[in-house]
Amino acid sequence: MDRDRAHRSSPGYSVPTTLHLVGPTSWTEVPAVLSYAVSDPFAVRIGFGEPGDPADDGVTWLLGRELLTAGLERPAGDGDVRLWPARTSGDVLYLHLRAPSGEALFELSRATVAAFLQQTEALVPSGQETAALAVDEELAALLSGGADPGAR
């Protein structure tokens, strides 16, 4: 089974948002889309770039939904992805991403992320992710060399 194809056809939820890339002396607005698919219930995708723009090949980062949830309340993550809320009572969540080519610090709306996560909970409640996975079907497809196990 092609995992990307399954992700595209799976029920889910997406919301466009704007992140602010924090620079040494300024902020740059960066369009992005937060996406969640029931077929990949542990993950949230952050796609950078204009949604629906075929000329924009964009970049997508995969984050654990649990990590994103934890980052709303306290510093979370280590290594390539870290999140933390602003110390003030403002609507700011910081997202730090690090890749071999460099790193970036973004500000995004904590309320937007919280509302997004609430919608994902309606699709697959936390703790129920494993039940949402089609593990048996995927295992059968792997063992049959990718052939449809139901097509006999």
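Everything numeric here is computed off the predicted structure, so don't read it as measured data.

What counts, and at which threshold
Within every chain, residues take consecutive numbers counted from 1 along the sequence as written. Given that the model is predicted, a residue must reach a pLDDT of at least 70 before its local features are reported, and side-chain atom pairs must reach 80 or more before they are shown or counted; all residues, however, enter totals for whole chains, interfaces and linings. Computation of side-chain values covers all heavy atoms of the structure but excludes hydrogens and water. Segments assigned H or I by DSSP are reported as helices when at least four residues long, segments assigned E as strands when at least two residues long, and all are numbered from the N terminus. Summary of the burial criterion: residues with accessible area below 20% of their type's maximum are buried, those above 50% are exposed, and those between are partly exposed, where the area comes from a 1.4 Å probe applied to protein chains only. The contact criterion used is simple: two residues touch if any of their non-hydrogen atoms lie within 4.5 Å. When two rings of Phe, Tyr or Trp (its six-membered ring) have centres within 6.5 Å they constitute a pair, described as stacked for plane angles under 30 degrees, edge-to-face for angles over 60, and tilted for the intermediate range.

Overview of the overall build of the chain
Item 1. The number of helices and strands found in the chain is five helices and seven strands.
Item 2. Starting at the N terminus and ending at the C terminus, the chain contains elements arranged as α-β-β-β-β-α-β-β-β-α-α-α.
Item 3. Considering the chain as a whole, with its 152 residues, one finds that 34% of them fall into the buried category.
Item 4. Contacts spanning at least 24 positions in sequence make up 37% of the contacts within the chain whose residues lie at least 6 apart.

Some points on the packing of aromatic side chains
Item 1. Counted under the stated rule, the structure contains three aromatic pairs.
Item 2. Considering the side-chain rings of Trp84 and Tyr94, the 5.5 Å spacing of their centres and the 25 degrees angle between planes classify their relative orientation as stacked. Taken together, the residues Trp84 in strand β5 (residues 81-85) and Tyr94 in strand β6 (residues 92-99) connect sequence positions 10 residues apart.
Item 3. With relative accessibility at 24%, the residue Trp84 sits in the partly exposed group.

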